[in-house]
Amino acid sequence: MKKFFDLYAELVNRGFKEQKNAFGLTELEKSYEKEVEVAWYGKCKSEYKVSVVFSQDKGTLTAYYYKGFGSPVKVKSHLNDKRALNAIIATVENAGFAI
């Protein structure tokens, strides 16, 4: 029997919080913060936010990546749950945070 992978449950186990967006779709969000040392400036706060929006049947999802506040720096849609999880982990780690 093939084992079923549930991306929604996996993201919730990794600390993502559930919300409903303005369109009534399920959205999982997680924010990351760290203090970084900047040459000739000192310490400043670096922020990164990941927002994953699922379709109503949870068949597809779109991941939005924000650096600080404002418009997203990356938007990616996924059909495969395992590839989506690997892509989210890689993008967060590439930004310098641990998921």
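Computed from a predicted model, the values in this text were never measured in an experiment.

**Q** Looking at this model, I keep getting lost on the sheet that holds strand β5 (residues 74-78). Mind explaining?
**A** Working definition: the strands of a sheet are paired by backbone hydrogen bonds and lie parallel or antiparallel to each other. The strand order β1-β2-β3-β4-β5 describes an open sheet built from five strands, whose pairing is antiparallel. Among the strands making up the open sheet, the edge pair consists of β1 (17-20) and β5. The mean inter-strand angle of the sheet, taken between neighbouring strand axes irrespective of direction, is 25°. Relative to strand β4 (residues 61-67), strand β3 (residues 42-54) runs antiparallel, the two sharing seven bridges. Considered in β4, the bridge of K49 is made with Y66.

**Q** Mind showing me how you'd approach helix α2 (residues 81-94) here?
**A** Residues lying three or four places apart along an α-helix face the same way, a consequence of the helix completing one turn every 3.6 residues. Given a rise of 1.5 Å per residue, 14 residues ought to cover 20 Å, and the 20 Å separating the end C-alpha atoms of α2 matches this to within 8%. Buried residues of α2: A84, L85, I88, I89, T91 and V92, and no others. Buried residues in α2, looked at end-on, bunch into an arc of 165°, giving them a common side. The outward face of α2, more than 90 degrees from its buried face, is lined by the exposed residues K82, R83, N86 and N94. Where α2 is buried, its residues meet α1 (7-13), β2 (26-38), β3, β4 and β5. Once α2 finishes, G96 follows within two positions and takes phi at roughly 100°, a positive value.

Cut-offs used in this document
Residues numbered from 1 in each chain as written. Predicted model: local features only at pLDDT ≥ 70, side-chain atom pairs only at ≥ 80, totals over all residues. Heavy atoms only, no water. Pairing = 2+ DSSP bridges. Helix = DSSP H or I, 4+ residues; strand = E, 2+ residues; numbered from the N terminus. Axes fitted to C-alpha atoms, helices over the stretch in contact; angles between N-to-C directions. Expected span 1.5 Å × (residues − 1). Buried < 20%, exposed > 50% of the residue type's maximum accessible area, 1.4 Å probe, protein only. Arc of directions from axis to C-beta. Contact = heavy atoms within 4.5 Å.

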